[in-house]
Amino acid sequence: MLIDCAAYEHGRRLSNLSIDGISDYLGRPDSFVWVALKDATPEELEKMQEEFGLHELAVEDAHKGHQRPKIEEYGNSLFIVLHTIDLDGSELLSGEVAIFLSKDYVLTVRNRSRQGFIDVRARCEQEPEQLSQGPAFVLYALMDAVVDRYFPVFDALESELETIEEQIFTVGAQRATVERLYQLKRKATTLKHAVAPLLESVGRLHGGRVPLIFAGTQEYFRDVSDHLYRINTSIDAMRDTINTAIQVNLSMVTIDESEVNKRLAAWAAIFAVATAFAGIWGMNFEHMPELEWKYGYPTALLVLVVICGYLYYRFKKSGWL
Amino acid sequence: MLIDCAAYEHGRRLSNLSIDGISDYLGRPDSFVWVALKDATPEELEKMQEEFGLHELAVEDAHKGHQRPKIEEYGNSLFIVLHTIDLDGSELLSGEVAIFLSKDYVLTVRNRSRQGFIDVRARCEQEPEQLSQGPAFVLYALMDAVVDRYFPVFDALESELETIEEQIFTVGAQRATVERLYQLKRKATTLKHAVAPLLESVGRLHGGRVPLIFAGTQEYFRDVSDHLYRINTSIDAMRDTINTAIQVNLSMVTIDESEVNKRLAAWAAIFAVATAFAGIWGMNFEHMPELEWKYGYPTALLVLVVICGYLYYRFKKSGWL
Amino acid sequence: MLIDCAAYEHGRRLSNLSIDGISDYLGRPDSFVWVALKDATPEELEKMQEEFGLHELAVEDAHKGHQRPKIEEYGNSLFIVLHTIDLDGSELLSGEVAIFLSKDYVLTVRNRSRQGFIDVRARCEQEPEQLSQGPAFVLYALMDAVVDRYFPVFDALESELETIEEQIFTVGAQRATVERLYQLKRKATTLKHAVAPLLESVGRLHGGRVPLIFAGTQEYFRDVSDHLYRINTSIDAMRDTINTAIQVNLSMVTIDESEVNKRLAAWAAIFAVATAFAGIWGMNFEHMPELEWKYGYPTALLVLVVICGYLYYRFKKSGWL
Amino acid sequence: MLIDCAAYEHGRRLSNLSIDGISDYLGRPDSFVWVALKDATPEELEKMQEEFGLHELAVEDAHKGHQRPKIEEYGNSLFIVLHTIDLDGSELLSGEVAIFLSKDYVLTVRNRSRQGFIDVRARCEQEPEQLSQGPAFVLYALMDAVVDRYFPVFDALESELETIEEQIFTVGAQRATVERLYQLKRKATTLKHAVAPLLESVGRLHGGRVPLIFAGTQEYFRDVSDHLYRINTSIDAMRDTINTAIQVNLSMVTIDESEVNKRLAAWAAIFAVATAFAGIWGMNFEHMPELEWKYGYPTALLVLVVICGYLYYRFKKSGWL
Amino acid sequence: MLIDCAAYEHGRRLSNLSIDGISDYLGRPDSFVWVALKDATPEELEKMQEEFGLHELAVEDAHKGHQRPKIEEYGNSLFIVLHTIDLDGSELLSGEVAIFLSKDYVLTVRNRSRQGFIDVRARCEQEPEQLSQGPAFVLYALMDAVVDRYFPVFDALESELETIEEQIFTVGAQRATVERLYQLKRKATTLKHAVAPLLESVGRLHGGRVPLIFAGTQEYFRDVSDHLYRINTSIDAMRDTINTAIQVNLSMVTIDESEVNKRLAAWAAIFAVATAFAGIWGMNFEHMPELEWKYGYPTALLVLVVICGYLYYRFKKSGWL
């Protein structure tokens, strides 16, 4: 589905274009075409391939989707894949944006992604000076938007981790804790898969030798790189923390069990003693003088209470009860 | 066993060849020979070595099999080993394809592999334009076919992992879960061993300095590289997830045990109390007034029921029962 | 908030400047301006951006904060971010210092940081010879101050680890131990995040090819690098030790549990035996000769005591009790 | 002890040499001397040092032994250390071979190694054409022999791992399983220490810039490298699998324990119920009408059997028994 | 404290020097000064700084101590820090040696180190030929001495590990085993911290581009490097083994616990059965024919013995007892 298609000259929007009008604007100095598609059909992609002369393998990747984030050069043009990550309740939704780029055009194809880029375009159009730097600036603006949206996602994971941490050191509820940790790690992995390959690729847009169209925008892409680096390090730290938390939770479970065992042992001992004594006075020997004694029964009860009470006190003191 | 042997010129199949006719077509411009063997005998390999002038060490590798995936240059020719991975029920079958390649010929030798390459040849022959790029394109087509078949295998492992994940957080059945996780990890390792060494080698076919025959096909091999990179990252993530799952499963087992212990403790306490009281009233003291009381017995029963009931209620409330 | 703003010539403080007076001193040979801000407002930053011609992205980073430690070149100027770490009781407080630097000026912007740099400035002013090396020396002095303050923080963590270690091998108190280990690891991670990215960046200030203003101060920055390297290695070792300690603590918990189980088993056996014998002599068979025997009861008690005593002795000897 | 000492010209054995005759053959074109020592005495080594002009440090290494596998250049000569690994029952025996090599000579010194190299020499002498490539080919032949002997050792470890794997998922025998896994890991580490450092060194014999005497034999050493790489990867995978197996085994032990606990809980419950009921009917209240009922006893027994049977059925159904 | 101070010419000791006489010998061709200090006071260091023109930062490092092992160039001079490790019973004592070095002098400053270097000096003086290579050879001799002393320390750790290994697979004593493993790992880490940073630095003394004074001694430093590499690899392997041992020990503890549980379950079952039967025959029903039977009691005892014996036999057979 075509979202928007416009030509820009010196950073200013000239006009809306029909797809067939695109070729008129290609190759003009200081101007470029910016086309946005959503969930493009094979026919739309084919049309675009024709207009812009896109490379067959890149178009196939954009069509099939499920690519890893990457930046590939095809001659003078680039093919970029980004992953968008959205929060849907506590689940992560992963989408893809494929971007075709040369000095003459930017084509974005968005798949399974909730995020639109209308606001990015609007903001760009408000800064014609910067937009006049051409498609490289558009790419920066798009990337910046995608990467900036990773941060709230990460923050959501971080705060989930903090909630779980509190649970870990509370008695009980470990079953749910383990599952939440496991699911959290899977989510962190999803985010990692969006960030890590991109981090590696973006480095090529601001290092020593960059494609010509990125000559004047290196500092912007270093900024993107920096954001990616930051979130990447944070995710790694989080994954490590989750591993530790799983370990620690296992320790807590074992400690819980140990305490339950101790309590069991203590009560079992108390009642076992009572039962054993009662059993002894329940024996049927004929000559058991205490049985005939008038105060035998209350004394026996007293003995039982004293012994059990003493055991209770001892166990209480040593922390078993 | 000889599967197919044909000469191609400008990407079009000329004729079926007998093995002895091969040498007539070697060295001709714009043409090459494509030979396919399956479970080749030493004699067949020797014959091929003679016809194509293959290097002794490469032939020995092809004959002995059990090589790791690799791409080796011998002067102007290449020797490539690929691993094919097939699903056989839930087991993985691993096979090998050895490929000898120069600008004049492609020779494939398939061992212990279910996958044939007849469909690859057929598809190539339908696109003479591309096939006219020579053996480099054939290698791409073969590699692409092998690598594309890794994806359904990986998907099968992924969906097995998902099944196991559900089991983990279900009570019971942990014994089977552990074993399945262990076997799954072994399978992931097998797949990893097919992918990882190849990933490293293929990089040499599309980087800065590539063998001459790959001059025009770098983008194809970058595509293969990209697929390998993607599946490699996914396998690594899966292996990491399996490790976490094993950890988590251990936690779940321990939690299960802890809950069993609690329940045991609770019931033991209830019955121990009943037994202790019954034991007391079963003592043979002569002077136990309650025994003679008319309503002694029902009252005793009531006391027992109340005490046990109260314990049951307390344990129920604290989640032990 | 403006803390201090002064011009220096040949390493000597000339005069306090008002912000508007800054531009008079820029570009003079052998002199530079040193401005210190704390929790700067957007207006202050904007003013500074104007005076010094700072890069928009750098100013944005300084304003938004939450950057990772880094050293970035913008043309002839540098933008540096450092993390300050302070101890607040047993918690770590993390602050940020952003430093803008060229051959003409040093501008420090301190956020959420308790540490001031007044003492750094004072010390610098006492050594005019060294201060005459210009902003590069000021940067060294600031970095040295920040990095030197990591050491007492690390020492505090180290001594906490030692306290925990003693707890681990003491019986009891494991619940608290696990939580402390977990929190300690998080703190070590915080410190790591201050140190590791900086270590990487500082290398660029004393390696083969450094920015021109650092030409004469490479040995100073190698010294900073060395300190960072040392603390980084120590943190890594500590994190590894914490992991081991968590493992080891789990073992200790399990051993504790095992010992509790043994003790439980032993006492249970002793009382079960007593109860079983008492039960037997409590049966109501008519013909039980020992019941009628005069010394039956004391003998029975003796038998019980002997059996239980023997069991106690055996369990004691085998370490179960 | 001198094993063999001979001169070769154009790949053919000329004559057996006495040690003093060695110097006559050094420096002749197309010929070299091949000396084999076993558990050499200091005097023999000193003699050799004199004859061949070996470097003092290399001779010291050969004498002291316990070197890591390595390839060191001393001017125009090389010093190579290989580890031989033999199976002795299920134990691994580790030996060392030190090789001194230049274009004029090969000197092998074998220590604590069962493997001889007589067969290597015999095979070399049968292929004079290849042997005429000089000491570089001899080195290849020796290395190939040593490395080829790693494979059966690895296979033995692999099949031991498979045996252990079966044990893991069998109930019982975990104590032995853990110890076997631990010992297996130690063996894998021993093999790893023979392979990994060599892998790194051999790369220098077939990469871009190799010592002159290896000019024509690069493909042979790439082959050795390839074998080393393969076994190295396999060992790494095995070590990872062993770690997983230890983890998994712990899970199995815990599951076993959990099942034992459940069974214990179930039987304890059944008998506790029986005992409690018997205890109640064993109380000495005067008014317990059921005691006087004629069919009281059989009914009581029936009640007990029914309750216990029902519990048994419930536990059986829920898998506790 | 000044230990020794002497001038050397052509490798021969000329005379003992007073500190003030040092400057007379600096700058002479073929001669150098070798000074040894122990626990130097700030005044001594200041004096040395003056005499040799040492760099301020290096002197500060030597004074403050607690440096990591390193090799730093200051213009034409070097500053080296080594860690000495001594065994003190089963504890490790860590000391530091700071070495200042140029083509004219060697200055060693030893702190908290038991090891002296008098024997190193004596051995050097006995080999004037080698000593005539100047300070570079002295550095080699010192490093060689320090590194050679790591090996007995490592061997002590290794043999401690072997003792612990035996304990692991013995029943009991796990508490001590865990603590010893933990302490052993800490010791291995200490040794690692002496070796690893040095390994990295020494590489710069024998690689492609070395400081001029090391031109003729590269092979010596490669030898040191080789020793460091060997011990470094061994420590890594040991640390990995310790981790595995901790894991394995946890498994053994759990297995022990499992066996204790089984035994507990078995005895509990046996006595519970006896108690239940005794309880039944202890009920007070009026019509219990077996109670009146003459042989009732012995038969009951027999029944109990048979049942308990059968259970004992079953448990024994299944390994629970």
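All values reported here derive from a predicted model rather than from experimental measurement.

**Focus on the overall build of chain A**
Phase 1: Counting secondary structure elements, chain A contains 11 helices and 7 strands.
Phase 2: Taking 20 Å as the expected radius of gyration for a compact globule of 321 residues, we find that chain A reaches 35 Å, considerably beyond that expectation.
Phase 3: When its C-alpha atoms are laid out on the principal axes, chain A stretches across 120 × 40 × 30 Å.
Phase 4: The contacts in chain A between residues at least 6 apart in sequence include a share of 63% that link residues at least 24 apart.
Phase 5: For chain A, the exposed surface amounts to about 13200 Å²; the carbon and sulfur share of it is 54%.

**Some points on the relation of the copies chain A and chain B**
Phase 1: Mapping chain A onto chain B is achieved by rotating through 72 degrees and translating by 0.1 Å along the same axis, at an RMSD of 0.1 Å. Look at the turn and shift together and you get a five-fold axis relating the two.

**Describing the pattern of salt bridges**
Phase 1: One pass over the full model with this rule turns up 99 salt bridges over all chains.
Phase 2: Residue D:Asp4 is joined to D:Arg121 by a salt bridge in which the shortest nitrogen-to-oxygen separation is 3.3 Å. Residue D:Asp4 is located in strand β1 (residues 2–9), and its partner D:Arg121 is located in helix α4 (residues 118–126); the two are separated by 117 residues in the primary sequence. For the pair D:Asp4 and D:Arg121, a shared accessibility class is recorded, and that class is buried.
Phase 3: Close ionic contact of D:Arg68 with E:Asp226 constitutes a salt bridge, the shortest N to O distance being 2.9 Å. Taken as a pair, D:Arg68 in the loop between α3 (56–64) and β4 (70–74) and E:Asp226 in helix α9 (residues 218–281) lie in two separate chains rather than in one.

**Focus: the interface of chain C and chain E**
Phase 1: Each side of the interface is counted separately: chain C has 52 residues, and chain E has 53 residues.
Phase 2: Together, the buried faces of chain C and chain E total about 4700 Å²; carbon and sulfur atoms form 59% of this surface.
Phase 3: Viewed at the interface, chain E and chain C are joined by 6 salt bridges.
Phase 4: Seen at the junction of chain C and chain E, the total is 17 residue pairs in polar contact (both at pLDDT 80 or more).
Phase 5: Residue assignment for the side of chain C that touches chain E shows that the elements contributing at least two residues are α7 (150–168), α9 (218–281) and α10 (289–292) of chain C.
Phase 6: The biggest single contributor to the side of chain C that touches chain E is α9(C), with 35 residues.
Phase 7: Residue composition of the side of chain C that touches chain E, grouped by class: 24 nonpolar, 14 polar and 14 charged.

**A word on empty space enclosed by the protein**
Phase 1: Applying the stated rule across the entire model yields 15 cavities of 30 Å³ or more.
Phase 2: Roughly 180 Å³ of volume is contained in the largest cavity.
Phase 3: Looking at the largest cavity, it is lined by 15 residues, and the ones nearest its centre are A:Thr254, B:Thr254, C:Thr254, D:Thr254 and E:Thr254.
Phase 4: Residues belonging to the lining of the largest cavity are distributed by class as follows: 5 nonpolar, 5 polar and 5 charged.

**So, the sheet that holds strand β7 (residues 105–111) of chain E**
Residues and elements named next belong to chain E.
Phase 1: Spatially, β2-β1-β3-β7-β6-β5-β4 is the arrangement adopted by the 7 strands of the open sheet, whose pairing is mixed. Because the sheet does not close on itself, it has two edges, and the strands there are β2 (12–16) and β4 (70–74). Averaged over all neighbouring strand pairs, the angle between strand axes comes to 20 degrees, with direction disregarded.
Phase 2: Here 4 bridges tie strand β1 (residues 2–9) to β2, and the two strands are oriented antiparallel to one another. Residue Tyr-8 lies in a different strand from β2, and its bridge partner there is Arg-13.
Phase 3: Against the sheet, helix α7 (residues 150–168) engages β5 (77–88) and β6 (91–101), with an angle of about 35 degrees to β5.

**Quick word on the interface of chain A and chain B**
Phase 1: Residue-level contacts link 53 residues of chain A with 51 residues of chain B.
Phase 2: Carbon and sulfur atoms make up 59% of the surface buried where chain A meets chain B, a total of about 4700 Å² over both sides.
Phase 3: Of all residues in chain A, A:Arg175, A:Tyr182 and A:Tyr297 bury the most surface against chain B, accounting for 18% of the area lost on that side.
Phase 4: One can count 7 salt bridges joining chain A with chain B.
Phase 5: Linking A:Arg186 and B:Glu158 is a salt bridge whose minimum nitrogen-to-oxygen distance equals 3.7 Å.
Phase 6: Taken together, the links from chain A to chain B amount to 17 residue pairs in polar contact (both at pLDDT 80 or more).
Phase 7: Considering each element in turn, the side of chain A that touches chain B owes the most residues, 17 residues, to helix α9 (residues 218–281) of chain A.
Phase 8: Among the residues making up the side of chain A that touches chain B, the classes are represented as 20 nonpolar, 16 polar and 17 charged.

**Topic: the UniProt feature "transmembrane region" (unreviewed entry) in chain A**
Phase 1: Listed under "transmembrane region" (unreviewed entry) in the UniProt record, and renumbered for this structure, are residues 264–283 and 295–313 of chain A.
Phase 2: Taken end to end, residues 264–283 of chain A is 90% helix and 0% strand, and its first and last C-alpha atoms sit 28 Å apart.

**Brief notes about the packing of helix α7 (residues 150–168) of chain B against helix α8 (residues 174–202) of chain B**
Residue and element names in this part refer to chain B.
Phase 1: Taken N-terminus to C-terminus, the directions of α7 and α8 make an angle of 160 degrees; their axes are 10 Å apart at the nearest point. One way to sum up the angle between α7 and α8 is to call them roughly antiparallel. With respect to the hand of their crossing, α7 and α8 are arranged in left-handed fashion. Note on element contacts: α8 touches α7 through Gln-174, Thr-177, Arg-180, Leu-181, Leu-184, Lys-187, Ala-188, Leu-191, Ala-194 and Val-195, opposite Tyr-150, Val-153, Phe-154, Leu-157, Glu-160, Leu-161, Thr-163, Ile-164, Gln-167 and Ile-168.

**Thoughts on the environment of E:Leu37**
Residue and element names in this part refer to chain E.
Phase 1: By the element assignment, Leu-37 lies in strand β3 (residues 31–38).
Phase 2: Assessed through its relative accessible area of 1%, Leu-37 is described here as buried.
Phase 3: When the C-alpha atoms of Leu-37 and Ile-307 are compared, they prove to be 83 Å apart, with 270 residues separating the residues in sequence.
Phase 4: Setting aside chain neighbours within four positions, we find Leu-37 in contact with Met-1, Leu-2, Ile-3, Met-48, Leu-107, Thr-108, Val-109 and Arg-110.

**What to know about the sheet that holds strand β7 (residues 105–111) of chain B**
Residue and element names in this part refer to chain B.
Phase 1: Pairing is mixed in the open sheet, where 7 strands are placed in the order β2-β1-β3-β7-β6-β5-β4. Edge positions in the sheet fall to β2 (12–16) and β4 (70–74), since each of these pairs with one other strand and no more. Each adjacent strand pair in this sheet contributes to an overall mean axis angle of 20 degrees, direction not counted.
Phase 2: In this sheet, β7 lies alongside strand β6 (residues 91–101) in antiparallel orientation, the contact comprising 6 bridges. Within the sheet, the bridge partner assigned to Ile-99 lies in β7 and is Thr-108.
Phase 3: Helix-sheet contacts for helix α6 (residues 135–148) involve β3 (31–38), β4, β5 (77–88), β6 and β7, and the interaxial angle to β5 is about 25 degrees.
Phase 4: Sheet strands touched by α7: β5 and β6. Its angle to β5, the strand with the most contacts, is close to 35 degrees.

**Focus: the packing of helix α2 (residues 42–52) of chain D against α3(D)**
Residue and element names in this part refer to chain D.
Phase 1: It is the contact of α2 with α3, at a shortest axis distance of 11 Å, that shows an interaxial angle of 155 degrees. It follows that α2 is roughly antiparallel to α3 by the angle criterion. Considering the relative orientation of α2 and α3, their crossing is right-handed. Here Pro-42, Leu-45 and Gln-49 of α2 lie close against α3, whose contacting residues are Glu-56, Val-59, Ala-62 and His-63.
Phase 2: A per-class count over the contact of α2 with α3 returns 4 nonpolar, 2 polar and 1 charged.

**Structural notes on the packing of aromatic side chains**
Phase 1: Inspection of the entire model under this criterion finds 80 aromatic pairs over all chains.
Phase 2: Seen in terms of ring centroids, B:Trp267 and B:Tyr312 are 5.8 Å apart; in terms of plane orientation they differ by 45 degrees. Their pairing is tilted. With B:Trp267 in helix α9 (residues 218–281) and B:Tyr312 in helix α11 (residues 296–317), this pair connects stretches of sequence that are 45 residues apart.
Phase 3: We classify B:Tyr312 as partly exposed; its relative accessible area is 33%.
Phase 4: Ring centres 6.3 Å apart and planes at 80 degrees place the aromatic pair E:Tyr140 and E:Phe221 in the edge-to-face group. Residue E:Tyr140 is located in helix α6 (residues 135–148), and its partner E:Phe221 is located in helix α9; the two are separated by 81 residues in the primary sequence.
Phase 5: Overall, the relative accessible area of 9% leaves E:Tyr140 in the buried class.
Phase 6: Here the aromatic cluster, defined as three or more aromatic residues joined through ring pairs, consists of A:Phe137, A:Tyr140, A:Phe214, A:Tyr220 and A:Phe221.

**Quick word on the pairing of strand β3 (residues 31–38) of chain C**
Residue and element names in this part refer to chain C.
Phase 1: In terms of residue burial, β3 counts as a mostly covered element, since 7 of its 8 residues are buried.
Phase 2: Across 6 bridges, the pairing between β3 and strand β7 (residues 105–111) is parallel. Residue Lys-38 lies in a different strand from β7, and its bridge partner there is Arg-110.

**Quick word on a nonpolar patch on the surface**
All names here are of chain A.
Phase 1: Judged by side-chain polarity, Met-1, Ile-3 and Ile-118 come together as a nonpolar surface patch covering roughly 300 Å² of accessible area.
Phase 2: Within the fold, Ile-3 resides in strand β1 (residues 2–9).
Phase 3: You can call Ile-3 partly exposed: its relative accessible area is 33%.

What counts, and at which threshold
- By convention here, each chain's residues receive numbers from 1 onward along its written sequence.
- By the order in which they are written, chains take letters starting at A while ligands take numbers starting at 1.
- Totals for whole chains, interfaces and linings use all residues, but because this is a predicted model, local features are given only for residues with pLDDT of at least 70 and pairs of side-chain atoms are given and counted only at 80 or more.
- The side-chain figures draw on all heavy atoms in the structure; neither hydrogens nor water molecules are used.
- Strands are runs of DSSP state E lasting at least two residues, helices are runs of H or I lasting at least four, and both sets are numbered from the N terminus onward.
- The atom set for the radius of gyration is the C-alpha atoms, and the globule formula is 2.2 Å times the number of residues raised to the power 0.38.
- Working rule for contacts: check all heavy atoms of both residues, and any pair within 4.5 Å makes them a contact.
- Under the convention used here, a 1.4 Å probe and the Shrake-Rupley method define accessible areas, while residue burial counts only the protein chains that appear.
- What sets the superposition is a least-squares fit of C-alpha atoms, and only residues with pLDDT of at least 70 in both copies go into it.
- Put simply, a salt bridge is a Lys or Arg side-chain nitrogen that is within 4 Å of an Asp or Glu carboxyl oxygen.
- Only protein chains enter the area calculation, which uses a 1.4 Å probe; residues under 20% of their type maximum are buried, those over 50% are exposed, and those in between are partly exposed.
- By buried area we mean how much accessible surface two parts lose on assembly, using a 1.4 Å probe and totalling the loss over both.
- Residues adjacent in sequence count toward polar contacts only when both atoms are side-chain atoms; beyond that, a polar contact is any pair of N or O atoms within 3.5 Å, and within protein one must be able to donate a hydrogen and the other to accept it.
- Side-chain classes follow a simple rule in which Ala, Val, Leu, Ile, Met, Phe, Trp, Tyr, Cys and Pro form the nonpolar group, Asp, Glu, Lys and Arg form the charged group, and the remainder, Gly included, forms the polar group.
- Points on a 1 Å grid over protein atoms alone make up a cavity when a 1.4 Å probe fits among them but cannot get out, and a pocket when they form an open set with protein on both sides within 12 Å along at least five of seven lines; lining residues each have an atom within 4 Å of a point.
- Grid points are joined across faces, edges and corners, and a volume is the space filled by probe spheres set on the points.
- Strands are treated as partners if at least two bridges between them are detected by DSSP.
- In this analysis, axes come from line fits to C-alpha atoms, helices being fitted only over the stretch in contact, and the angle between any two N-to-C directions falls in the range 0 to 180 degrees.
- UniProt positions are given in the numbering used here, feature names are shortened, and annotations may be inferred rather than shown by experiment.
- Angle categories: roughly parallel below 35 degrees, roughly antiparallel above 145, roughly perpendicular from 65 to 115, and oblique for all the rest.
- Here is the rule for handedness: rotate from the far helix to the near one, and if that takes an anticlockwise turn smaller than a right angle the crossing is left-handed, while a clockwise turn gives right-handed.
- Centres within 6.5 Å are what make two rings of Phe, Tyr or Trp a pair, Trp counting through its six-membered ring; a difference in plane orientation under 30 degrees is then read as stacked, over 60 as edge-to-face, and the rest as tilted.
- By definition, no residue in a patch forms a salt bridge, and every one has over 30% relative accessible area; like charges are joined within 9 Å, nonpolar side chains (Val, Leu, Ile, Met, Phe, Trp, Tyr) within 5 Å.

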